[in-house]
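# Survey of secondary and tertiary structure
Chain residues, written in single-letter form:
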Amino acid sequence: MKTIKVLGSGCANCKTTARLIEETAAELGLEIKLEKVEDVGQIMSYGVMSTPGVVVDGKVVHAGGLPDRKNIQQWLT
C-alpha cells in the first residue's frame, strides 16, 4: 500500500488533487493511505514552495498546479 500526502492549505486545487488521487486509485483497484497536510511548517519541510504538493512514500513527486491523471497513475503503479 502506498502512502500519499497532499500538501497544501486546503485550497480548491489541493482538494481536487486529493480527489483525483482517490479516484485514480479506485479505478486501478489499488488501496492507498491518503493524508492531507495543511501545516505550513510540515509542507516547507518537504521543500515544497508551491502547492498542491504530492508526496508518495516519502518522496516529493509533484509541486504546484493540478497533476495530470497519467502522472497520478505512474505514481500509484
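Okay, so let's go over this structure.

Basis of the calculations
Residues numbered from 1 in each chain as written. Predicted model: local features only at pLDDT ≥ 70, side-chain atom pairs only at ≥ 80, totals over all residues. Heavy atoms only, no water. Helix = DSSP H or I, 4+ residues; strand = E, 2+ residues; numbered from the N terminus. Rg over C-alpha atoms; globule rule 2.2 N^0.38 Å. Expected span 1.5 Å × (residues − 1). Buried < 20%, exposed > 50% of the residue type's maximum accessible area, 1.4 Å probe, protein only. Arc of directions from axis to C-beta. Contact = heavy atoms within 4.5 Å. Polar contact = N/O pair within 3.5 Å; in protein donor to acceptor, adjacent residues only side chain to side chain. Axes fitted to C-alpha atoms, helices over the stretch in contact; angles between N-to-C directions. Parallel < 35°, antiparallel > 145°, perpendicular 65-115°, else oblique. Left-handed = near helix turned anticlockwise from the far one by under 90°.

Of the regular secondary structure elements, the protein chain holds 3 helices and 4 strands. Scanning the protein chain from its N terminus toward the C terminus, one meets helices and strands in the order β-α-β-α-β-β-α. Here the C-alpha radius of gyration of the protein chain, 11 Å, is about what a compact globule of 77 residues would show, namely 11 Å. Principal axes of the C-alpha set define a box for the protein chain whose edges measure 35 × 25 × 15 Å.

Between its terminal C-alpha atoms helix α1 (residues 12-28) stretches 24 Å, which fits the 24 Å expected from 17 residues at 1.5 Å a residue. Turning to α1, its buried residues are C14, T17, A18, L20, I21, T24 and A25. Each buried residue of α1 lies within a common arc of 160 degrees when the element is viewed along its axis, so the set occupies one face. Opposite the packed face of α1, turned more than 90 degrees from it, sit the exposed residues A12, K15, A26 and E27. Contacts from the buried residues of α1 go to β1 (2-7), β2 (32-37), β3 (53-56) and α3 (69-76). Looking one or two residues beyond α1, the residue adopting positive phi is G29, at roughly 70 degrees.

What follows concerns the environment of K5. Inspection of the secondary structure puts K5 in strand β1. The spacing of K5 and V56 is 51 residues in sequence and 6.6 Å in space, taken between C-alpha atoms. Beyond its immediate chain neighbours, meaning those up to four positions away, K5 contacts E35, V37, Y46, G53, V54 and V55. A polar atom in the side chain of K5 sits 3.0 Å from the side chain of Y46.

All right, on to the packing of α1 against α3 then. The N-to-C vectors of α1 and α3 enclose an angle of 60 degrees; their axes lie 10 Å apart at closest approach. Of the possible angle classes, the one that applies to α1 and α3 is oblique. Seen along the crossing, α1 lies across α3 with a hand that is right-handed. Across the interface between the two elements, L20, I21, E23, T24, A25, E27 and L28 from α1 touch R69, I72, Q73 and L76 from α3.

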